[in-house]
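Chain and residue survey
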Amino acid sequence: MLRISSAGVLRSYRTGLTRSYAQLAAATQTATDFLAFRSFGANPAAASKSFQLIRSYGKTQNYIDNSEAVTKRLSSAWESAMTLSDSADKIDGTIGEAMNGDQDLASRKLQVSTIRGEMEAMVQNLNTKHVDTFVFAGVNAGEAPFTLDDEYNLYYQGINVDTGLDKDNKPVGLTDDQIAAMTPEQIEAYGQETLKKLSQEKVYVDVGLGMKNNDGTTGSFDSSNDINSASAVNVSMPGIQLIGYGKDADGNPLNAISQLRNICKELLQDPIDVDKISDMRNQFHDTCNVIREGISQLDTRVGFAKSNQETLTKTSDSLYEQISDLTTVDPAQAYMDLSYAQYYYNSTLKIGNGILGQSFIDYMN
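Residues numbered from 1 in each chain as written. Predicted model: local features only at pLDDT ≥ 70, side-chain atom pairs only at ≥ 80, totals over all residues. Heavy atoms only, no water.

Things to note about the overall build of the protein
- Broken down by element type, the protein carries ten helices and seven strands.
- Sorting the 365 residues of the protein into buried and exposed places 37% on the buried side.
- Across the protein, every contact between residues at least 6 apart in sequence was considered, and the portion connecting residues at least 24 apart equals 68%. (Helix = DSSP H or I, 4+ residues; strand = E, 2+ residues; numbered from the N terminus. Buried < 20%, exposed > 50% of the residue type's maximum accessible area, 1.4 Å probe, protein only. Contact = heavy atoms within 4.5 Å.)

Let's talk about the nonpolar core
- The biggest cluster of nonpolar side chains holds 50 residues, and the ones touching the most others in it are Phe146 and Ile243.
- Elements that contribute at least two residues to this core include exactly helix 2 (44–98), helix 3 (105–126), strand 4 (154–156), helix 5 (184–199), helix 6 (239–243), helix 7 (256–267) and helix 8 (274–327).
- Setting aside residues no more than four positions away along its own chain, Ile243 makes contact with Leu84, Leu126, Phe146, Leu154, Leu254, Asn255, Ala256, Ile257, Thr287 and Ile291. (Core = buried A, V, L, I, M, F, W, Y, C linked by side-chain atoms within 4.5 Å.)

Comments concerning the packing of aromatic side chains
- All told, the structure shown has two aromatic pairs when counted by the stated rule.
- Taking the centre distance of 6.0 Å and the plane angle of 45° together, the rings of Tyr57 and Tyr320 count as tilted. Of the two residues, Tyr57 sits in helix 2 while Tyr320 sits in helix 8, which places them 263 residues apart along the sequence.
- Exposure remark for Tyr320: the relative accessible area of 52% places this residue in the exposed category. (Phe/Tyr/Trp six-rings, centres within 6.5 Å; stacked < 30°, edge-to-face > 60°.)

A few points about the sheet that holds strand 4
- Read across the sheet, three strands follow the order 3-4-5 without closing on themselves; strand pairing throughout is antiparallel. Only two strands of the sheet have a single partner each, and these edge strands are strand 3 (146–148) and strand 5 (159–160).
- Taken together, the three bridges between strand 3 and strand 4 define a ladder with antiparallel strand orientation. Pairing of Phe146 across the sheet is with Tyr156, part of strand 4. (Pairing = 2+ DSSP bridges.)

Let's talk about the pattern of salt bridges
- For the structure shown, the criterion picks out seven salt bridges.
- Linking Lys72 and Glu68 is a salt bridge whose minimum nitrogen-to-oxygen distance equals 3.4 Å. In this pair, Lys72 and Glu68 both sit in helix 2, four residues apart, roughly one turn of the helix.
- A salt bridge links Asp89 to Arg292, with the shortest nitrogen-to-oxygen separation between them at 3.2 Å. Here Arg292 lies in helix 8 and Asp89 lies in helix 2, a separation of 203 residues in the sequence. (Salt bridge = Lys/Arg side-chain N within 4 Å of Asp/Glu carboxyl O.)

What about the environment of Glu151?
- Along the chain, the position of Glu151 falls in the loop between strand 3 and strand 4.
- Along the chain, Glu151 and Arg261 lie 110 residues apart, while their C-alpha atoms are 8.3 Å from each other.

Some words on helix 8
- Over its 54 residues, helix 8 runs 78 Å from end to end, which matches the ideal 80 Å to within 8%, given 1.5 Å per residue.
- With a side-chain oxygen positioned 3.3 Å from the backbone nitrogen of Asp275, the residue opening helix 8 is Asp273. (Expected span 1.5 Å × (residues − 1). Polar contact = N/O pair within 3.5 Å; in protein donor to acceptor, adjacent residues only side chain to side chain.)

Side note on the packing of helix 2 against helix 3
- Where helix 2 meets helix 3, the closest approach of the two axes is 10 Å, and the angle between their N-to-C directions is 170°. Relative to helix 3, helix 2 is oriented roughly antiparallel. Where helix 2 approaches helix 3, its residues Ser80, Thr83, Leu84, Ser87, Ala88, Lys90, Ile91, Thr94, Ile95, Glu97 and Ala98 are matched on the opposing element by Arg108, Gln111, Thr114, Ile115, Glu118, Met119, Met122, Asn125 and Leu126.
- Of the residues assigned to the contact of helix 2 with helix 3, the class counts are nine nonpolar, seven polar and four charged. (Axes fitted to C-alpha atoms, helices over the stretch in contact; angles between N-to-C directions. Parallel < 35°, antiparallel > 145°, perpendicular 65-115°, else oblique. Nonpolar A, V, L, I, M, F, W, Y, C, P; charged D, E, K, R; others polar.)

Some thoughts on unusual backbone geometry
- A cis amide bond, omega 5°, links Asp270 with the succeeding residue Pro271.
- Topologically, Pro271 is positioned in the loop between helix 7 and helix 8.
- At Asn169, a residue that is not glycine, the phi angle is positive and equals roughly 60°.
- You can see Asn169 is positioned in the loop between strand 5 and helix 4 (176–180).

Structural notes on the environment of Val172
- In this fold, Val172 is placed in the loop between strand 5 and helix 4.
- A relative accessible area of 26% means that Val172 is categorised as partly exposed.
- Sequence separation between Val172 and Gly158 is 14 residues, and the spatial gap between their C-alpha atoms is 9.4 Å.
- Discounting residues that sit within four places of it in the chain, Val172 has contacts with Ile159, Asp166, Tyr190 and Thr194.

Note that all results are geometric; they support no functional claim without further evidence.
Structure, rendered in structure tokens:
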């Protein structure tokens, strides 16, 4: 006959009781926070995969924030460009009225005053600010890009939009000795090249498209010109790109404000040269088309930014679901496991009452 000592029964019971209590404590904790594991060692495979997913989720959230900022900035630029186009249309109508042969000089002066008021409103729109950024300022987005002097000459970043020279009619970025060695033709060409460079400034934002340089490298983006345009979103729309800049082969200005300045001068002549003003008005129409093309570009960029944001949001939701599946348990299952653990623990206590003396049970409690 096999004899079981009291000490053996006690050890076995204590082991079972400790195990059931530990299971109850763990089930209670799980039913509280619903975590599938609380340390890497508890489930190395799931923990390692969840860390990777959490990292991807964090990056995706950053891309969503960037994409949202891009959408708002480009939308602000689009709205301002639309207002700019509306102002140009109003001005064109006023020019048409002023060209009417029945208008006398006094009437044309009032109409010129109206045009100049709209011109100033256009410049204000070109200085539109979104948060702390001037949306039409190119790279130097912390300062208002456009100024208008008393003669209605327009300046962009302190540079005359017609000539590309500063307010002293000097090329920017050159020493006096360098300027002295240049011919008037070279100075003119230098100014036009300066305007062209300003009109092509780009500011790229990483929105999860795998931002990289043209040579395929990543991590060091020293110049926006080196960034692959398909790997990021350009949020820059230099104002002179929108309203035109420089002069044509005949020396006529190619930007809207300067064209309107010259039209106003002609409208104040008495009598007016209708044919000349008509030609100038046609040039203004061409610039209005440039504005509309800019609006179309902005509209395309806004549409892409919104679409990209929606895609990123879906990716974020998917990652969150995967993380949740790995790191949490179903509440219903957690409560069921807690109920079983409580039942098992209570059963263990009941067994103890049956096999141990009352005094010992009191001692255990």
